[in-house]
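One-letter residues, chain by chain:
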Amino acid sequence: MVGFFIALISGALMSIQGVFNTQVTKTSGIWVANAFVQFSAFLVCMAAWLFTDRSSFGALLKVEPKYMLLGGVMGAGITYTVIKGMELLGPARAVMIIVVSQLIIAYLIELFGLFGVEKQPLEIRKLIGMAAAIAGIIIFKWK
């Protein structure tokens with residue numbers, strides 16, 4: 001149940017952050033806004049690290065495969081695409097498409113067992129659920 005609430009908070013924070021970042025971009029430019037977002041996140045993470053676990057940064061050298069360390073690079077891409085998506089589509093439409101895209105990609109990762117994730121069998125009910133989510137986007141956008 002805790003995981004459910006954490007996921008709800010994550011979704012809410014992502015939506016709010018996207019709106020905030022889009023507004024900042026109107027004044028500063030997309031790459032300045034993106035750099036500020038990433039830098040401020042770095043500062044928060046460093047502060048949290050100082051006050052909590054103090055794990056060794058040397059452990060990062062042991063991560064295998066090494067491409068798993070590209071999450072931060074993807075973070076810059078995520079911030080950029082969320083800002084542009086919200087700017088071009090508005091928050092509700094952008095978030096719906098983002099969430100459905102996340103769902104589809106996450107299911108493909110599970111289905112094919114990519115990136116070290118345990119492979120899961122194809123389930124028709126999950127395909128129906130994704131189709132329903134896509135239909136929801138179409139209905140939401142319908143004028």
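This is a predicted model, so every value here is computed, not measured.

1. Here we look at the overall build of the chain
Broken down by element type, the chain carries five helices and zero strands. Listing each helix as α and each strand as β along the chain from the N terminus yields α-α-α-α-α. C-alpha extents for the chain along the principal axes are approximately 50 × 45 × 30 Å. Counting only residues that meet the buried cut, the chain has 15% of its 143 residues in that class. Excluding contacts between residues fewer than 6 apart, the proportion of contacts in the chain whose partners are at least 24 apart in sequence is 52%. Approximately 10,500 Å² of the chain is accessible, and the part contributed by carbon and sulfur atoms is 76%. Separation between the mean location of the 11 positive side-chain charges and that of the 6 negative ones in the chain comes to 10 Å.

2. Section: the packing of aromatic side chains
The full count for this structure, using the stated rule, is five aromatic pairs. Between the NZ or CZ atom of R54 and the centre of the ring of W49, over which it lies, the distance is 5.8 Å.

3. Considering the layout of surface pockets
In this structure, the largest pocket encloses a volume near 340 Å³. Lining the largest pocket are 20 residues, and of these M14, Q17, I78, V82 and Q102 sit closest to its centre. Every element with two or more residues in the lining of the largest pocket is listed here: helix 1 (2-28), helix 2 (30-51), helix 3 (71-89) and helix 4 (91-112). Looking at the lining of the largest pocket element by element, the count peaks at seven residues for helix 1. A class-by-class count of the residues in the lining of the largest pocket yields 10 nonpolar, 10 polar and no charged. By volume, the second largest pocket amounts to about 200 Å³. F42, M46, F57, L60, M68, L69, G71 and G72 together form the lining of the second largest pocket. Mapped by element, the contributors of at least two residues to the lining of the second largest pocket are helix 2 and helix 3. Of the residues contributing to the lining of the second largest pocket, the split by class is six nonpolar, two polar and no charged.

4. Brief notes about the packing of helix 4 against helix 5 (residues 124-141)
Packed helices, taken two at a time, are described by the angle their axes make and the gap between the axes. Taken N-terminus to C-terminus, the directions of helix 4 and helix 5 make an angle of 165°; their axes are 10 Å apart at the nearest point. Regarding the angle of helix 4 to helix 5, the classification is roughly antiparallel. Helix 4 and helix 5 meet at a crossing whose hand is left-handed. For the pair helix 4 and helix 5, contact is made by A92, R93, M96, I97, V100, L103, I104, Y107 and E110 and by K126, L127, M130, A133, I134, I137, F140 and K141, respectively. In terms of residue class, the contact of helix 4 with helix 5 is built from 13 nonpolar, no polar and four charged.

5. A look at the side chain of N34
Here N34 lies in helix 2. Since its relative accessible area comes to 2%, N34 is described here as buried. Excluding its chain neighbours within four sequence positions, the residues that come into contact with N34 are A76, T79 and Y80.

About the thresholds
- Residues numbered from 1 in each chain as written.
- Predicted model: local features only at pLDDT ≥ 70, side-chain atom pairs only at ≥ 80, totals over all residues.
- Heavy atoms only, no water.
- Helix = DSSP H or I, 4+ residues; strand = E, 2+ residues; numbered from the N terminus.
- Buried < 20%, exposed > 50% of the residue type's maximum accessible area, 1.4 Å probe, protein only.
- Contact = heavy atoms within 4.5 Å.
- Areas by Shrake-Rupley, 256 points an atom, 1.4 Å probe, with all protein chains shown as cover.
- Lys, Arg positive; Asp, Glu negative; His and termini not counted.
- Charge placed at Lys NZ, Arg CZ, Asp CG, Glu CD.
- Phe/Tyr/Trp six-rings, centres within 6.5 Å; stacked < 30°, edge-to-face > 60°.
- Lys NZ or Arg CZ within 6 Å of the ring centre and 35° of its normal.
- 1 Å grid on protein atoms, 1.4 Å probe; cavity = no way out; pocket = protein on both sides within 12 Å on 5 of 7 lines; lining within 4 Å.
- Points joined across faces, edges and corners; volume = space filled by probe spheres on them.
- Nonpolar A, V, L, I, M, F, W, Y, C, P; charged D, E, K, R; others polar.
- Axes fitted to C-alpha atoms, helices over the stretch in contact; angles between N-to-C directions.
- Parallel < 35°, antiparallel > 145°, perpendicular 65-115°, else oblique.
- Left-handed = near helix turned anticlockwise from the far one by under 90°.

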